[in-house]
Amino acid sequence: MLSGPGPGPKGSPSGGPLAGGPGQDPPPPPMARIVPWRIAPPPLVAQRLAAVASAPLEVVDEPGPTSFVLQPREAGEEPQGDRASDRAGAGGGARRQGAGRVKVMLGNSHMCSCPGARRARRRAGPAAEPCLHIVYVLIKLCGIDADEPLLWQLALVDAELDKVSAGRLRVVAGADV
């Protein structure tokens, strides 16, 4: 039995195993939030929420679990759906390679390749307000409710990204084919 300060098994004060034992690396520090948590949504996010409902966007690729490529839908075009199998067939990105496409990445600092988001990041850095594309991904693809505080955060830590990814799985599983 290991001896150590505290009542927990194996000598840890919290009851868990000791970190950094022989041959073990200490656990990594939790990811720090690079911008403070926001209590309420700013007015610009509310405006973008309203715009998401009528945004003529479609997902054409998902390079990673928190990375999405969007492009505008043509007038009168039906949405392709949110499932990868729906996007893989004809009518996806083949007809308009790169036309108006943007890449959205969610993470410790959300990023979008649209010109407005790039200008905002140059001015405000990681404190730039999320563009329509980021709000679209969070609402439509990740299933975040409009009143969920994660929606108006400028950055997410690992546990929050896990929650967003879990929401994405529910959205894909519930999609109509």
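In this text the structure is predicted, and so the values were computed from the model without any measurement. (Residues numbered from 1 in each chain as written. Predicted model: local features only at pLDDT ≥ 70, side-chain atom pairs only at ≥ 80, totals over all residues. Heavy atoms only, no water.)

Here the focus is the pattern of salt bridges. Enumeration over the complete set of coordinates arrives at 3 salt bridges. Notably, a salt bridge pairs Lys 163 with Glu 148, separated by 3.7 Å at the nearest N-O pair. Here Glu 148 lies in the loop between α4 (132-141) and α5 (158-173) and Lys 163 lies in helix α5, a separation of 15 residues in the sequence. (Salt bridge = Lys/Arg side-chain N within 4 Å of Asp/Glu carboxyl O. Helix = DSSP H or I, 4+ residues; strand = E, 2+ residues; numbered from the N terminus.)

By the alternation rule, side chains of strand β3 (residues 102-105) split into Val 102 and Val 104, which are all buried, and Lys 103 and Met 105, of which none is buried. Sheet topology note: the strand β2 (residues 67-72)/β3 ladder contains 4 bridges and is antiparallel. When the bridges of β3 are listed, Val 69 appears paired with Lys 103. Sheet topology note: the β3/strand β4 (residues 111-112) ladder contains 2 bridges and is antiparallel. Bridge pairing in β4 links Met 105 to Met 111. Taking the residues that link successive antiparallel strands as the turn, the β3-β4 hairpin has 5 residues. (Buried < 20%, exposed > 50% of the residue type's maximum accessible area, 1.4 Å probe, protein only. Pairing = 2+ DSSP bridges.)

So, about the confidence of the model for the chain. Detail in the predicted coordinates should be disregarded across regions flagged by low pLDDT. Looking at the chain, pLDDT values average 76 and 64% of them are 70 or higher. Across residues 1-20 the pLDDT falls below 50, and counting only partners more than four positions away or on other chains, this stretch makes 21 contacts in the model. Ignoring residues within four places in sequence, the model shows residues 81-96, a span with pLDDT below 50, making 37 contacts including any to other chains. (pLDDT = per-residue confidence, 0-100. Contact = heavy atoms within 4.5 Å.)

A separate point is the sheet that holds β4. Across the sheet, 4 strands lie side by side as β1-β2-β3-β4; this open sheet has antiparallel pairing. Both outer strands of the open sheet, β1 (57-64) and β4, are each paired with one neighbouring strand and no more. α4 contacts β1, β2, β3 and β4 of the sheet and is inclined by roughly 110 degrees relative to β2. (Axes fitted to C-alpha atoms, helices over the stretch in contact; angles between N-to-C directions.)

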